[in-house]
Amino acid sequence: MKGRTLGERIRILRKKKGFSQANVASKIGVSASAVGMYEQNRRTPDNETLLKLCEVLGVTADCILGNDESTSYISEVLDEFTRKLAEQDALMFDGQPLSSDEKRQILEAINAVARCAERLEYEE
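Residues numbered from 1 in each chain as written. Predicted model: local features only at pLDDT ≥ 70, side-chain atom pairs only at ≥ 80, totals over all residues. Heavy atoms only, no water.

## Details of the packing of helix α2 (residues 21–28) against helix α3 (residues 32–39)
- Close contact between α2 and α3 brings their axes to 8 Å; oriented N to C, the two are set at 110°. In this view, α2 runs roughly perpendicular relative to α3, as classed from their interaxial angle. For the pair formed by α2 and α3, the contact residues are Q21, A22, V24, A25 and I28 on the first element and A32, V35, G36 and E39 on the second.
- Here the residues of the contact of α2 with α3 sort into six nonpolar, two polar and one charged. (Axes fitted to C-alpha atoms, helices over the stretch in contact; angles between N-to-C directions. Helix = DSSP H or I, 4+ residues; strand = E, 2+ residues; numbered from the N terminus. Parallel < 35°, antiparallel > 145°, perpendicular 65-115°, else oblique. Contact = heavy atoms within 4.5 Å. Nonpolar A, V, L, I, M, F, W, Y, C, P; charged D, E, K, R; others polar.)

## Observations concerning the pattern of salt bridges
- Applying the stated criterion across every chain, the model contains four salt bridges.
- Residue E48 pairs with K52 through a salt bridge whose shortest N-O separation is 3.5 Å. Of this pair, E48 and K52 are both found in helix α4 (residues 47–57), four residues apart, which corresponds to roughly one turn of the helix.
- Note that E108 and R104 form a salt bridge whose closest N and O atoms lie 2.6 Å from each other. Taken together, the positions of E108 and R104, both in helix α7 (residues 100–123) and four residues apart, correspond to about one turn of that helix.
- For E108, a relative accessible area of 43% puts it in the partly exposed group. (Salt bridge = Lys/Arg side-chain N within 4 Å of Asp/Glu carboxyl O. Buried < 20%, exposed > 50% of the residue type's maximum accessible area, 1.4 Å probe, protein only.)

## Examining helix α1 (residues 6–17)
- For α1, with 12 residues, the first-to-last C-alpha span of 17 Å sits near the 16 Å given by 1.5 Å per residue.
- Every buried residue belonging to α1 is among L6, G7, R9, I10, I12, L13 and R14, and all of these are buried.
- The secondary structure elements touched by the buried residues of α1 are α2, α3, α4 and α5 (61–65).
- Following α1 by one or two positions, G18 has its phi on the positive side, about 80°. (Expected span 1.5 Å × (residues − 1).)

In structure tokens:
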């Protein structure tokens, strides 16, 4: 997400989590219009609000500020892969078609592994 504005990164991360602006606003203690202004780059969150955003969106400050290239790249690759996987109609395992629930479980597993990889990267 390097090269994007802070507002674009906030919007992308919010949508990845499946949150509305109102959801995020209630979790961080601001109005939905404030979140909208952050996403439009018409307002910049203060440090305390930025930290709350990081917590709610499950990212580091470096990620949300665009300073973490590796996580952004990994995240974008995984997002593209999971999007393509979700679009596949006839996925099979061992000759048997996968149900929509099985596809969902695979996508959840991929996301869990990605979160673990990101945590390990930050611990080093």
